Amino acid sequence: MRALFSWLPGPSNVSRPEQLRAAAGALCGLLITALFAHYLLARTGTSIFMIAPMGASAVLLFAVPASPLAQPWSVFGGNVISGLVGVACVRWLGDSLPLPLLGGLAAGLAIAAMFVMRCLHPPGGAVALTTVLGGPVVHAAGFEFVLLTVAIDTALLVAMAMVYNNLTGRRYPHVQQSAPVNVHGTKDDIPTVRLGFKTEDLDAVLKQYNQVLDISRDDLASLFMQTEQRAYQRRFGVITCADIMSRDIVSAEFGTGLEPAWQLMRNHRVVALPVLNRARRVIGIVTQTDFLEHGGLDSYAGMRSQLQRFLRKSGVTHTEKAEVVGQIMSGHPTTARTATPIVDLVPLMANAGFHHIPIVDEEDRFVGIITQSDLVAALYQTRLAEAAA
């Protein structure tokens with residue numbers, strides 16, 4: 001009995017709402033696909049408007065939309081190519097092979113074809129088998145069965161997955177993210193991988209593993225990174241943004257003039273000002289770099305006079321020259337909440353090049369800011385405390 005129960009899977013880590021989201025998506029996707037496919041195929045005289053492997057495709061499309069096996073080309077290419085392989089086997093070998101052998105051959109060749117075409121999709125094997133075991137109606141339809149029924153069913157189901165997943169907060173198609181690059185344009189690795197694992201390490205391990213993984217490479221790297229962050233928190237404790245943020249912050253409004261904003265930064269020796277609305281919600285951030293870029297200060301020659309002209313008001317009611325902070329700020333800046341662990345900010349500041357991150361409360365109201373200096377000091381203090389313990 002113990003050996004029997006050892007085969008049972010462990011409990012799922014997927015939340016109940018996510019399970020319901022996937023189930024509802026499959027229900028809606030298959031229902032709408034069936035209705036539209038029946039409407040479209042009835043005009044062609046095709047009697048089969050829906051095939052069973054679509055149910056398996058729906059599991060991948062709605063339950064694991066991030067899987068490489070569930071991406072549009074994998075689904076459409078896998079189903080259609082497998083169907084074509086199955087029909088070819090029936091046409092050319094159907095009279096010379098027994099049905100069980102023909103079905104196995106069709107599925108095996110379909111898998112090989114999907115590997116070659118980079119569209120591996122498990123239900124594709126079922127599509128190939130369907131063309132063999134589908135009976136006289138499917139055999140008589142031949143390639144038309146694949147190019148009409150299979151192709152239309154798959155295209156409709158993929159379209160439904162695109163709509164439903166994105167409406168319910170799941171990115172689909174799940175495009176493979178490129179490896180992070182150094183924002184400074186140098187050949188150095190990004191800071192977070194100089195001591196941790198690198199993309200070359202992950203590639204080498206995946207090559208050695210030599211099996212198909214039902215997870216994209218970038219998601220796998222992200223999971224490793226998050227695991228390292230959780231391990232750091234467990235070892236050194238959780239420090240939140242509220243613990244280290246600066247609270248007495250000078251800020252600007254959309255209509256703050258350029259010269260007063262510049263003087264604020266100069267007087268307080270800061271290089272960025274959060275831009276707030278009347279409800280103290282962050283609508284942007286303005287930095288010294290914004291002043292330099294919008295002022296056309298690309299060279300040192302005459303920089304002082306150019307900056308003075310840029311900061312000075314034009315004195316006219318209509319001008320193309322920027323007059324207020326809102327015209328040069330970076331809108332919709334990245335923010336963090338007071339309860340966010342500071343380790344979550346490390347990739348943003350180390351890799352993405354953020355120097356200042358505004359902090360907001362539960363009502364999205366601005367309450368402070370964290371700079372790279374704050375983060376470095378906090379991380380240093382945690383290691384110092386551990387060494388003293």
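Residues numbered from 1 in each chain as written. Predicted model: local features only at pLDDT ≥ 70, side-chain atom pairs only at ≥ 80, totals over all residues. Heavy atoms only, no water.

Draft legend 1. Here's a closer look at the overall build of the protein. Along the backbone of the protein there are 16 helices and seven strands. Each of the 389 residues in the protein was classed as buried or not, and the buried ones make up 38%. A separation of at least 24 residues holds for 66% of the contacts in the protein among residues at least 6 apart in sequence. Counting every atom, the protein has about 22900 Å² of accessible surface; 61% of that belongs to carbon and sulfur. (Helix = DSSP H or I, 4+ residues; strand = E, 2+ residues; numbered from the N terminus. Buried < 20%, exposed > 50% of the residue type's maximum accessible area, 1.4 Å probe, protein only. Contact = heavy atoms within 4.5 Å. Areas by Shrake-Rupley, 256 points an atom, 1.4 Å probe, with all protein chains shown as cover.)

Draft legend 2. Main features of the UniProt feature "transmembrane region" (unreviewed entry) in the protein. Residues given the UniProt feature "transmembrane region" (unreviewed entry) here are residues 20-41, 48-67, 73-92, 99-117 and 137-164. Secondary structure content for residues 99-117 is 95% helix and 0% strand, and the end C-alpha separation is 27 Å. (UniProt positions renumbered as here; feature names shortened; annotations may be inferred.)

Draft legend 3. Expanded view of the pairing of strand β3 (residues 282-287). Across the six residues of β3, five count as buried, placing the element largely inside the fold. As paired strands, strand β2 (residues 272-276) and β3 are joined by five bridges and run antiparallel to one another. Bridging from a neighbouring strand, A272 pairs with T287 of β3. Hairpin geometry of β2 and β3 is characterised by an intervening segment of five residues between the two adjacent antiparallel strands and by a positive phi of about 60° at R280. Where β3 meets strand β4 (residues 330-331), two bridges bridge the pair, whose relative direction is antiparallel. Paired with I285 across the strands is S330, a residue of β4. (Pairing = 2+ DSSP bridges.)

Draft legend 4. Looking closely at the nonpolar core. By size, the foremost hydrophobic cluster in this structure holds 21 residues, and its most contacted members are I51, L61, F62, F145, V146, V150 and L157. Among the secondary structure elements, those contributing two or more residues to this core are α3 (53-63), α4 (72-93) and α8 (143-167). Ranked by residue count, the leading element in this core is α8, at nine residues. In this view, F145 contacts I48, I51, T130, T131, V138 and V150; residues no more than four positions away in its chain are not counted. Core analysis: the second largest hydrophobic core is formed by 16 residues, L60, L69, A110 and L120 among them. (Core = buried A, V, L, I, M, F, W, Y, C linked by side-chain atoms within 4.5 Å.)

Draft legend 5. Here's a closer look at the packing of aromatic side chains. If you walk through the whole model with that rule in mind, you get two aromatic pairs. The interplanar angle of 65° and the centroid separation of 5.2 Å between the aromatic rings of W262 and F291 together place this pair among those described as edge-to-face. Pair noted here: W262 is in helix α12 (residues 258-268) and F291 is in helix α13 (residues 288-294), with a separation of 29 residues, a long-range link. For the residue pair W262 and F291, the accessibility class agrees, reading buried in each case. (Phe/Tyr/Trp six-rings, centres within 6.5 Å; stacked < 30°, edge-to-face > 60°.)

Draft legend 6. Molecular detail of unusual backbone geometry. Cis geometry is adopted by the peptide bond preceding P173, which originates at Y172 and carries an omega value of 0°. With respect to the element layout, P173 can be found in the loop between α8 and α9 (199-209). In the Ramachandran plot, R280 falls in the positive-phi region, its phi being about 60° despite a non-glycine side chain. Within the secondary structure layout, R280 lies in the loop between β2 and β3. For R280, a relative accessible area of 40% corresponds to the partly exposed category. Even without being a glycine, H332 presents a positive backbone phi close to 50°. Here H332 lies in the loop between β4 and β5 (336-337).

Draft legend 7. Structural view of the packing of α4 against helix α5 (residues 99-116). It is the contact of α4 with α5, at a shortest axis distance of 9 Å, that shows an interaxial angle of 140°. Considered as vectors, α4 and α5 are oriented oblique to each other. Handedness of the α4/α5 crossing: right-handed. Seen from α4, the contacting residues are G78, I81, S82, V85, G86, C89, V90 and L93; seen from α5, they are L102, L105, A106, L109, A110, A113 and M114. (Axes fitted to C-alpha atoms, helices over the stretch in contact; angles between N-to-C directions. Parallel < 35°, antiparallel > 145°, perpendicular 65-115°, else oblique. Left-handed = near helix turned anticlockwise from the far one by under 90°.)

Draft legend 8. How the structure looks around the pattern of salt bridges. Under the defined criterion, the tally for this structure stands at five salt bridges. In this structure, E18 engages R21 in a salt bridge whose closest nitrogen and oxygen atoms are separated by 3.0 Å. Residue E18 and its partner R21 are located together in helix α2 (residues 16-42), separated by three residues, close to a single helical turn. By the burial criterion, E18 is buried, and R21 matches it. Its salt-bridge partner being R170, residue E18 comes within 2.6 Å of it at the nearest N-O pair. Here R170 lies in the loop between α8 and α9 and E18 lies in helix α2, a separation of 152 residues in the sequence. Bridged by salt links that share partners, the residues E18, R21 and R170 form one connected network. (Salt bridge = Lys/Arg side-chain N within 4 Å of Asp/Glu carboxyl O.)

Draft legend 9. Local environment of the sheet that holds β2. With mixed pairing, the four strands of this open sheet are ordered in space as β1-β2-β3-β4. Each of the sheet's edge strands pairs with one partner strand only, and the pair in question is β1 (252-253) and β4. The strands touched by α12 within the sheet are β2 and β3, with β2 carrying the most contacts at an inclination of about 130°.

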